[in-house]
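Residue-level structure breakdown
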Amino acid sequence: MKRLSLCIAVIVFCFSPFFAQTFDLAEAARQTGAKLYWDSLSGSGILEKNGHQISFRVGEQLVMMNYTKLAIVDPPENKSGTVYVTQKFIDTANNLFVQNSPESFYKVGAILIDPGHGGRDPGAMGSYKKGGKEIHLQEKDLTLSISKMLAQKLQEAYPEKEVILTRSDDTWLTLEQRVEIANSIRLEPHEAVLYLSIHINASLDKNASGYEVWYLSPGFRRQVLQSTGEDIELENILNSMLEEEYSTESVLIAKFIMEGLDAQIGKQSKSRGIKAEEWFVVRNAHMPSVLVEAGFITN
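Worth saying up front: this structure is predicted, and the values here are computed from it rather than measured.

Looking at the overall build of the protein
Check the secondary structure of the protein and you find eight helices and 16 strands. Looking at the 299 residues of the protein, the share that counts as buried comes to 40%. Of the contacts formed within the protein by residues at least 6 apart in sequence, a portion of 69% connects residues at least 24 apart. Of the accessible surface of the protein, which amounts to about 16,700 Å², a share of 54% is contributed by carbon and sulfur atoms.

Focus: the nonpolar core
Of all hydrophobic cores here, the largest spans 19 residues; its most connected members are L47, I54, F56, V63, V85, F89 and F97. Elements that contribute at least two residues to this core include exactly α3 (25-32), β4 (52-57), β5 (62-65), β8 (82-86) and α4 (87-97). Among the elements that line this core, the one with the most residues is α4, at five residues. Setting aside anything within four residues of it in sequence, one finds L47 in contact with A29, A34, K35, L36, H52, Q53, I54, F56, F89 and F97. Counting residues in each nonpolar core, the second largest holds 16 residues, with L196, I198, Y211 and V213 among its members.

What about the sheet that holds β8?
Pairing is antiparallel in the open sheet, where three strands are placed in the order β1-β8-β7. The open sheet has two free edges, formed respectively by β1 (22-24) and β7 (77-79), since each of these has just one partner strand. Across the sheet, the axes of successive neighbouring strands diverge by a mean angle of 40°, strand direction being ignored. Pairing between β7 and β8: three bridges, direction antiparallel. What sits directly across from K79, in β8, is T82.

Some thoughts on the pattern of salt bridges
Under the counting rule described, the total for this entry stands at six salt bridges. Note that K275 and E212 form a salt bridge whose closest N and O atoms lie 3.0 Å from each other. Of the two residues, K275 is situated in strand β15 (residues 271-276) and E212 in strand β14 (residues 211-215); the sequence distance between them amounts to 63 residues. Residue K275 is classed as partly exposed on the basis of its relative accessible area of 26%. On the basis of relative accessible area, E212 is assigned to the buried category, the value being 4%. Each of E212, R272 and K275 takes part in a single network of salt bridges with overlapping partners.

Overview of the packing of aromatic side chains
Applying the stated criterion across every chain yields a total of three aromatic pairs. Members of the aromatic cluster, joined through ring pairs, are W38, F56 and F89. Against the face of Y84 rests K79, its NZ or CZ located 5.5 Å from the ring centre. Positioned above the aromatic ring of W172 is the side chain of R120, whose terminal nitrogen or guanidinium carbon lies 3.5 Å from the ring centre.

Comments concerning the pairing of strand β10 (residues 125-130)
Sheet analysis places β10 next to strand β11 (residues 133-138), joined by six bridges and oriented antiparallel. Considered in β11, the bridge of M125 is made with Q138. Turn length for the β10-β11 hairpin, with the two strands adjacent in sequence and antiparallel, is two residues, and the turn residue G131 shows positive phi of about 60°.

Examining the pairing of strand β9 (residues 107-115)
The element β9 is extensively covered by neighbouring structure, given that seven of its nine residues are classed as buried. With eight bridges connecting them, β9 and strand β13 (residues 191-201) associate as parallel partners. Paired with L112 across the two strands is Y195, which belongs to β13. Relative to strand β12 (residues 162-165), β9 runs parallel, the two sharing four bridges. Pairing of L112 across the sheet is with I164, part of β12.

Procedures and definitions
- Residues numbered from 1 in each chain as written.
- Predicted model: local features only at pLDDT ≥ 70, side-chain atom pairs only at ≥ 80, totals over all residues.
- Heavy atoms only, no water.
- Helix = DSSP H or I, 4+ residues; strand = E, 2+ residues; numbered from the N terminus.
- Buried < 20%, exposed > 50% of the residue type's maximum accessible area, 1.4 Å probe, protein only.
- Contact = heavy atoms within 4.5 Å.
- Areas by Shrake-Rupley, 256 points an atom, 1.4 Å probe, with all protein chains shown as cover.
- Core = buried A, V, L, I, M, F, W, Y, C linked by side-chain atoms within 4.5 Å.
- Pairing = 2+ DSSP bridges.
- Axes fitted to C-alpha atoms, helices over the stretch in contact; angles between N-to-C directions.
- Salt bridge = Lys/Arg side-chain N within 4 Å of Asp/Glu carboxyl O.
- Phe/Tyr/Trp six-rings, centres within 6.5 Å; stacked < 30°, edge-to-face > 60°.
- Lys NZ or Arg CZ within 6 Å of the ring centre and 35° of its normal.

Read these as geometric descriptors, not functional statements.
See the structure below:
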């Protein structure tokens, strides 16, 4: 009888997540009073409150708290398109949110805007007629013009943040130089950089039009954490979590940018949606990063 009771206890312990009461993400956010950011494409999300963040992914027990600490919870489950979490997950989030303002919490310290092409690299080219005169366009000029306007607006809106351009004139930069600029920005402890690459699209189809935002394919693996050589196994776990964090935030940034473009542009041009690709600058920047194709120079 004692052996049977022990076996039952072990089974209940091992399978307790399957019997625990579950709540959908919206209810979890309501219970914690947190703001929910969810990306169905990567199956990952963030709960944010009082300057704290807990990042999670469907099917994974490890969650990252404030980018620096890991915790084990019952893995979030996707049931018929709805994601559910257990009370243990909610309790973990609540315990984090009631802590004092986190010294280790990452905030955006700098925004790097990268105008595509430049110098001897004109990028895509196009032309149109205005008043009977043919006007020739080069991608490098348009990306620089857009980037300068964007930098000015961001600096006015967020004067406490550093807004940086990889180039402010008709200068040619290699892809490696652009990434090096991004990865070498000096920040205060626990500050982060957002990387925004600006491009203009082109097509042999003169009717092709619209704007799109690209982020790094979630399946792409990269090293974003500088190794200290002290605990390789732990560093690999942290790198994986931080890499997924960057990917999740890149998708969220792409969504926010797309929503902003949709609201501002309206029917003047169409949205081509957000897409995933392994662009060089996006995959090599050790930070949340996106690439915007602002329109078609050939239309």
